[in-house]
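Residues per chain are reported as follows:
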Amino acid sequence: MANTVKINIDGIDVSIEAGKTVLDAAKKLNIHIPTLCYHEDLCVAGNCRVCVVEQEGVKNLVASCAMPAQDGMVIHTNTHKVRNARRHVIELLLSEHNADCTKCYKNTRCELQDLAGEMVINEHMFLDLVPDKNYTIDNLSPAIIKDDSKCIRCQRCVRTCDELQHVSALGVAYKGEHMKISTFFENPMYEVVCTNCGQCVIRCPTGALVEKNYLDNVWDAIYDEDKHVIVQTAPATRIALGEDLGMEAGSIVTGKMAAALRRLGFDSVLDTDFTADLTIMEEGTELLTRLKRALVDKDPTVKLPMTTSCSPGWIKFIEHMYPEYLENVSTCKSPQQMFGALAKTYYAQKRGIDPSKIVSVSIMPCTAKKFEANRPEMRDSGYQDVDMGLTTRELAVMIKQAGIDFKELPDEKFDSLMGKSSGAAVIFGATGGVMEAALRTAYEIVTGREVPFKNLNITPVRGMEGVKEAAVKIENVLPAWSFLEGVELKTVVAHGLTNANKVMQAVKNGTADWHFIEIMACPGGCLGGGGQPIPTTPEIRKKRAEAIYREDEGMAIRKSHENPEIKQIYEEFLEEPLSHKSHWLLHTHYQARKRE
Ligand code: SF4
Ligand code: SF4
Ligand code: SF4
Ligand code: FES
């Protein structure tokens, strides 16, 4: 076929699509070529040269990640010359590297360390340059630590922040041996435009960019008998945690995760999915209220389109990049923060526990949630609503530290009171999920009928396309909603901040006619979050998404408004969506920030 090329690698012929690289062809043959600067999600940089191979007829070694496969090429991946060159690269990197592995958070989970091990580099051939360098560790952010002494300047982080996230918080400063990854005026990450999304963290091959971990704080709380430690787990944790504990991508581990959390010593094992359902009740009602103000009251001050507010990376992005649209953001707090506010009010009252003794821990697929938990806006209960936010990766570390054989755990359930949820809440973990969950409930409230999609699956908002539009015609409405008769509700879903930026540009240019916008900061939505197991690749994101939809289909209740604990909390505590108490505990406003 004209659009394929045939090459030979290590004596084996392989055909591959024209435009693909030698590295792609080797992968097709299951031949492993080491890489460092290469990442499947990013454009090719070709700067580390770990992936070099020998091409017959060509004097210099070629970088396989950057070299397009061409008809007739003969490649050798494992010659003496190749092995020496790769070893040389790693030795040079190590000469400038603070390779104090036992003190490093990435110890045993580091690509550089793996390669040094693979190449059996026991002695350093080059002079150790580390003592001459004036390295800095930026640990001021509650979410991310940047340690320049661990950086190998592969620039995956720079490309991630620029290409995928359109933030460009990180750039290359200085030249030659002084070159480093830096921020605006070398300010701490906490003070620049960084959204804390952690997408650079999941792509950094070393310990140079890592989440700030709160493992010891959580253990201390668990061991403190005076404290009542409760834990909530986000939707996307249950389809990814297994990857860090020896299971296949796409394994659903909801029951094992609940069992593990109980064995770790948490006093109550609860679910962020409960407040995801609550978010739908509050956000759906907020959208309908805004539509009524626009369509019936003709109120010129109402802000449409309304955007979702669950993703703290997106919130920080809009605060910096589009502050003039902050009033378009739903006032709903994220499910994590709704849970935190209720933990120290509703839960404390119902359980008869002094809220000052409650320690509220969250397990999130996200590093930005750590920042969100520390926001001054998030103290409506009278305390910090969420005390510590852990990533999915940190939970895996805790499970290993406790010596739990995760794979052999039985499936257990969450505790009751803020532990029950619907399938609509589970799909919050995938791009399009919040929109789908909101439509399942809003359509039914307005018409009294289920959404007109087979088996409740609103497929137009599913999948990995960066921007997805969907329209739902509202007909035969209940009398109270007559103003919506015949309205075509227009929605759009974007994931990854580069796609978010496209949507916001359309809003700004006046070319958009959407009513409701879902934005998630991370590619694929929370399932691809910056706190999820590493690696996170397009293939792995696909498997996690499939698992999320399987979990939804397997749930007895698949609509937020049918969750019995949601009905209970409105009856006993909140009264109704957007009530005075809801506004006090579940809603907030955000602040404009500088764009630098
Ligand atoms: S970044 Fe990797 S090689 Fe460097 S100290 Fe940490 S674990 Fe070791
Ligand atoms: S911080 Fe990490 S991703 Fe960025 S250049 Fe350094 S090693 Fe590479
Ligand atoms: S956390 Fe996100 S926004 Fe911040 S530097 Fe990393 S990729 Fe960029
Ligand atoms: S992985 Fe190919 S040059 Fe870095």
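Residues numbered from 1 in each chain as written. Chains lettered and ligands numbered in written order. Predicted model: local features only at pLDDT ≥ 70, side-chain atom pairs only at ≥ 80, totals over all residues.

### Topic: the domain arrangement of the protein
Assigned domains within the protein: domain 1 (4-78), domain 2 (92-211), domain 3 (224-274 + 336-408) and domain 4 (279-331 + 422-586). The gap between the C-alpha centroids of domain 2 and domain 3 is 29 Å. Listed as interface residues are nine residues of domain 2 and, on the opposing side, seven residues of domain 3. (Domains from an automatic or database assignment. Contact = placed C-beta atoms within 7 Å.)

### A word on the nonpolar core
Formed by 162 residues in total, the largest nonpolar core has its most connected members in V231, F428 and I548. Per-element accounting of this core gives the leading share, eight residues, to helix α14 (residues 433-447). Discounting residues that sit within four places of it in the chain, I548 has contacts with I239, V426, I427, G429, A430 and L527. (Core = buried A, V, L, I, M, F, W, Y, C linked by C-beta atoms within 7 Å. Buried ≥ 20, exposed ≤ 12 C-beta atoms within 10 Å, placed from the backbone. Helix = DSSP H or I, 4+ residues; strand = E, 2+ residues; numbered from the N terminus.)

### Focus: the packing of helix α8 (residues 272-295) against helix α10 (residues 335-351)
Where α8 meets α10, the axes come as close as 8 Å, and the angle between the chain directions of the two elements is 105 degrees. With respect to α10, the axis of α8 lies roughly perpendicular. Facing T272, T275, A276, L278 and T279 of α8, the residues of α10 in contact are P335, Q336, M338 and F339. Broken down by class, the residue content of the contact of α8 with α10 amounts to five nonpolar, four polar and no charged. (Axes fitted to C-alpha atoms, helices over the stretch in contact; angles between N-to-C directions. Parallel < 35°, antiparallel > 145°, perpendicular 65-115°, else oblique. Nonpolar A, V, L, I, M, F, W, Y, C, P; charged D, E, K, R; others polar.)

### Here we look at the sheet that holds strand β18 (residues 516-520)
By way of backbone hydrogen bonds, the strands of a sheet pair with one another, either parallel or antiparallel. Strand order in this open sheet of four strands is β13-β18-β17-β16, and the pairing throughout is mixed. Across the chains shown, the open sheet's two edge strands, defined by having one partner strand only, are β13 (306-307) and β16 (467-473). Relative to β18, β13 runs parallel, the two being bridged by two bridges. Pairing of M306 across the sheet is with F516, part of β18. (Pairing = 2+ DSSP bridges.)

### Describing the site of ligand 3
The environment of ligand 3 is made up of 14 residues, and the closest members are C161, A169, C194, C197 and C200. Elements with a contribution of two residues or more to the shell around ligand 3: α4 (156-164) and α5 (199-203). For the shell around ligand 3, the residue count by class is eight nonpolar, six polar and no charged. (Near = placed C-beta within 6 Å.)

### Here's the deal with the site of ligand 1
As a matter of local geometry, ligand 1 sits amid 13 residues, with C101, C104, C110, T206 and G207 nearest to it. The residue inventory of the shell around ligand 1, partitioned by class, reads five nonpolar, five polar and three charged.

### Notes on helix α7 (residues 254-264)
Turn by turn, an α-helix covers 3.6 residues, leaving residues three or four places apart pointing in a common direction. When α7 is considered as a whole, its buried residues turn out to be T254, K256, M257, A258, A260 and L261. In this structure, the buried side of α7 is in contact with β11 (228-233), β12 (268-271), α12 (392-401) and α16 (538-553). Phi turns positive one or two residues past the end of α7, at G265, with a value near 110 degrees.

### Points about the sheet that holds strand β7 (residues 144-147)
A sheet is described by the order of its strands in space; here three strands give the open sequence β6-β7-β10, paired in antiparallel fashion. Lying at the two open borders of the sheet, with one neighbouring strand each, are β6 (137-138) and β10 (209-211). Where β6 lies against β7, two bridges are found, and the strand directions are antiparallel. By the bridge assignment, D138 is partnered in β7 with K146.

### What about the environment of L287?
Of note, L287 is situated in helix α8. On the basis of neighbour count, L287 is assigned to the buried category, with 21 C-beta atoms found within 10 Å. Separated by 138 residues in sequence, L287 and S149 have C-alpha atoms that sit 48 Å apart. Filtering out sequence-adjacent residues up to four positions away, L287 remains in contact with M306, A442 and F516.

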